Amino acid sequence: METRNFYILIASVAVAFTCFWLTLYAIITLDIDIFQDPDTVIIKGQAIDGELSISLSELKSDKYEKIESHTFDIKNSVGREYERIYSGVSLRSIFEVEDLISGNPSLLYFKFRGRDGYITEALPLSTVFNNLYNETIIAFADGNGHPLFEEGPLRSVIDQSVMPIGEVASQYSVQKLAIIEVF
Amino acid sequence: MEAKNNIQEEYKETGFSRGIKKLTNLDLLYSAILGIMGGIISSLIPFSLLIKVWYPLTGGTQLLSGHHVIWASIIYGLTKRKPTIVFTMLAKGLLEFMFGDLWGLVIIFVNFMEGALLALGFALMEKLGEGETKLGWGIAGGFGNFFQAPFFWIINQRWYLHWSLWVLSFMFAFISGIFIVGLLGRTVKNYLIKAGVPTTF
């Protein structure tokens, strides 16, 4: 084997090893459960006793307040605003029906975690409780009622109008939603 | 002898024969065709699905991001002129913008930078004597494709994501550049030339 090709081989193996171990490290460090059923979302955290797992079929039932084909105003970090239509379930109604929050919501925070390691920054829980039911949802269908495929099956969606100043809704619209952490 | 001189006087020496590297109509035509193809494919075909179904982490789709830049390496293979790389990427960016890309005008700038860095990568590889090798094309492709990953992650202000996701994302962007922009682009270029597509160099 030519020396040049040998060096290329060594570099390729080194990069492949780095990618493999870094992926493993990220999965372990970020506590990602790659075997979690994608059709469920778990609500847990210091502000909640134990944890609550809600399946897609439960979300689609009449247990929680459904939001049908609601138009969300989303803003991204370059300032571009656009609209997206989703159907899903009001996050506020989940908290209320399950009676999950015992303390004062204005003193609590929450985060969304995706199955892919995406974790949002913390938002005040008052963002959910001080606004309308249809402004923070867990979406499971697009505007035409089709299941979310690439970005789902569950995703969080927040309307820009309820975001705290300086925050953009696109960063909190988490695809492949797995966990809602309240603390 | 006199007759021969008369014949020579009938011809004007053109820019092309004087070695001036002006772009030909064919260069611009290739740029437009490849730029439009790239713009349509980048805007409408979600190649990222090929990654999302098996790779668990965010940023993994960078492994396929090279398909956004492959058009620029193909045009370079057909024309050997670096400005055509930038023209192709600008045409592609303009089309993506007109298709309603969420990044708005920023997407044109991103395409321009990718093209400019790919051209820089090819220039560097030529200086190192690797201008026509697979290694040279691969590294130049990696250069061209790398820019957009950190750029998007930085303007997205994804500081809250774990550092390992950042590193993986950047590595994947470079790897994708090597394999898709560089090696696949070179292979496609070779097949195009073999199939009879006229080159302009």
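Every chain begins its residue count from 1, and numbering advances along the sequence as written. Here chains are named by letter from A upward and ligands by number from 1 upward, in the order in which they appear as written. Restriction of local features to residues with pLDDT of at least 70 applies here, the model being predicted, together with a cutoff of 80 or more for giving and counting side-chain atom pairs; totals for whole chains, interfaces and linings are based on all residues. Values reported for side chains reflect all heavy atoms of the structure, with hydrogen atoms and water molecules removed beforehand.

Thoughts on the overall build of chain A
Tallying secondary structure elements over chain A gives four helices and nine strands in all. Counting from the amino terminus, chain A carries its helices and strands in the arrangement α-β-β-α-β-β-α-β-β-α-β-β-β. C-alpha extents for chain A along the principal axes are approximately 70 × 35 × 35 Å. Sequence-distant contacts in chain A: of pairs separated by 6 or more residues, those separated by 24 or more amount to 62%. Helical segments are the DSSP runs of H or I of at least four residues, strand segments are the runs of E of at least two, and each set is numbered from the N terminus. The contact rule is simple, with two residues in contact once any of their heavy atoms fall within 4.5 Å.

Points about the interface of chain A and chain B
On the chain B side, the residues contacting the 32 residues of chain A number 32 residues. Carbon and sulfur atoms supply 64% of the area that chain A and chain B bury against each other, a total of about 2600 Å² over both sides. Whenever a carboxyl oxygen of Asp or Glu lies within 4 Å of a side-chain nitrogen of Lys or Arg, that contact is scored as a salt bridge. Counting across the interface, chain A meets chain B through one salt bridge. A salt bridge links B:Glu130 to A:Arg4, with the shortest nitrogen-to-oxygen separation between them at 2.7 Å. What qualifies as a polar contact is a pair of N or O atoms within 3.5 Å, subject to a donor-acceptor requirement within protein and to the restriction that residues adjacent in sequence count only when both atoms come from side chains. For the interface between chain A and chain B, the tally reads eight residue pairs in polar contact (both at pLDDT 80 or more). Those elements giving two or more residues to the side of chain A that touches chain B turn out to be α1 (3-29) and β4 (81-90) of chain A. For the side of chain A that touches chain B, the leading source of residues is α1(A), giving 11 residues. Residues are grouped as follows: Ala, Val, Leu, Ile, Met, Phe, Trp, Tyr, Cys and Pro are nonpolar; Asp, Glu, Lys and Arg are charged; every other residue, Gly included, is polar. By residue class, the composition of the side of chain A that touches chain B is 15 nonpolar, nine polar and eight charged. As a working definition, buried area equals the accessible area (1.4 Å probe) given up by two parts on being put together, with both sides summed.

Digging into the packing of helix α4 (residues 70-79) of chain B against helix α6 (residues 106-127) of chain B
All names here are of chain B. Between α4 and α6, the shortest axis-to-axis distance is 10 Å and the interhelical angle comes to 45 degrees. Classified by the angle between their axes, α4 and α6 sit oblique to one another. Between α4 and α6 lies a crossing whose hand is right-handed. Between α4 and α6, the contacting residues are Ala72, Ser73 and Tyr76 on the first element and Leu118, Phe122 and Glu126 on the second. Only the stretch in contact is used when fitting a helix axis, every axis being a line fitted to C-alpha atoms; angles between N-to-C directions are given from 0 to 180 degrees. Just so you know how the angles are binned, under 35 degrees is roughly parallel, over 145 roughly antiparallel, 65 to 115 roughly perpendicular, and the rest oblique. Helix crossings get a hand from a simple test, with the near helix turned counterclockwise from the far one by less than a right angle marking a left-handed crossing and a clockwise turn marking a right-handed one.

Observations regarding the packing of α4(B) against helix α5 (residues 82-98) of chain B
Residue and element names in this part refer to chain B. Close contact between α4 and α5 brings their axes to 8 Å; oriented N to C, the two are set at 145 degrees. Judged by the sense of rotation from one axis to the other, the crossing of α4 with α5 is right-handed. Together, Trp71, Ala72, Ile75, Tyr76 and Thr79 of α4 and Lys82, Thr84, Ile85, Thr88, Met89 and Lys92 of α5 make up the contact between the two elements. Its residues placed into classes, the contact of α4 with α5 shows six nonpolar, three polar and two charged.

Digging into the nonpolar core
What makes a nonpolar core is a set of buried Ala, Val, Leu, Ile, Met, Phe, Trp, Tyr and Cys residues whose side-chain atoms join them at distances within 4.5 Å. For every residue, the accessible area (1.4 Å probe, protein chains only) is compared with the maximum for its type, and the residue is labelled buried under 20%, exposed over 50%, or partly exposed between those bounds. Formed by 96 residues in total, the largest nonpolar core has its most connected members in A:Ile43, A:Leu59, A:Phe95, A:Phe110, A:Ile180 and A:Val182. Ranked by residue count, the leading element in this core is helix α9 (residues 163-194) of chain B, at 10 residues. Annotation comment: domain bounds sourced from an automatic or database domain assignment. Shared between two domains, this core holds at least three residues of each, these being domain 1 (1-30) and domain 2 (36-182) of chain A. Excluding residues within four positions of it along the chain, A:Ile43 makes contact with A:Ile48, A:Glu51, A:Leu52, A:Ile54, A:Ile94, A:Phe95, A:Leu100, A:Ile180 and A:Val182.

Here's the deal with the domain arrangement of chain A
Here the domain parsing of chain A yields domain 1 (1-30) and domain 2 (36-182). Just the C-alpha atoms count here: the centres of domain 1 of chain A and domain 2 of chain A sit 37 Å apart.

Re the side chain of A:Thr127
Residues and elements named next belong to chain A. By the secondary structure assignment, Thr127 is in helix α4 (residues 126-129). The exposure class assigned to Thr127 is buried, which follows from its relative accessible area of 5%. Those residues in contact with Thr127 that lie beyond four places of it in its chain are Thr136, Val162 and Pro164.

What about α9(B)?
Residue and element names in this part refer to chain B. Spanning 32 residues, α9 covers 45 Å between terminal C-alpha atoms, matching the ideal 46 Å at 1.5 Å per step. Most pronounced at Gly185, the bend in α9 amounts to some 30 degrees. Positive backbone phi, approximately 105 degrees, marks Gly196, located one or two places after α9. In this scheme, a helix's expected span is set at 1.5 Å multiplied by one less than its residue total. Two axes define the bend at a residue: one fitted to the seven residues ending there, one fitted to the seven starting there, and the bend is the angle between them.

Quick notes on the pairing of strand β5 (residues 109-114) of chain A
Residues and elements named next belong to chain A. Two strands are counted as paired when DSSP detects at least two bridges linking them. Pairing of β5 with strand β6 (residues 123-124) involves two bridges; the strand directions are antiparallel. Pairing of Tyr109 across the sheet is with Pro124, part of β6. As judged from the five bridges shared by β5 and strand β9 (residues 177-182), these two strands associate in the antiparallel manner. Each bridged residue has a counterpart across the sheet, and for Phe110 the counterpart in β9 is Val182.

Quick notes on the sheet that holds β6(A)
Residues and elements named next belong to chain A. Read from one edge to the other, the open sheet built from five strands follows the order β2-β1-β9-β5-β6, with strand pairing classed as mixed. The two strands at the open ends of the sheet, each matched to only one other strand, are β2 (51-55) and β6. Taken strand by strand, helix α3 (residues 91-98) contacts β1 (40-44), β2, β5 and β9, and its axis lies near 60 degrees from that of β9.

Overview of the sheet that holds strand β3 (residues 66-75) of chain A
Residue and element names in this part refer to chain A. As summarised here, the arrangement of the four strands in space is β3-β4-β7-β8, forming an open sheet in which the pairing is antiparallel. Each edge of the sheet is formed by a strand with only one pairing partner; in this case those strands are β3 and β8 (155-158). Put simply, the sheet's adjacent strands are angled 60 degrees from each other on average, direction ignored. Sheet analysis places β3 next to β4, joined by eight bridges and oriented antiparallel. Directly across from Lys66, in β4, lies its bridge partner Val89. In the packing of α3 onto the sheet, the strands contacted are β4 and β7 (136-142), and the crossing angle to β4 comes to about 20 degrees.

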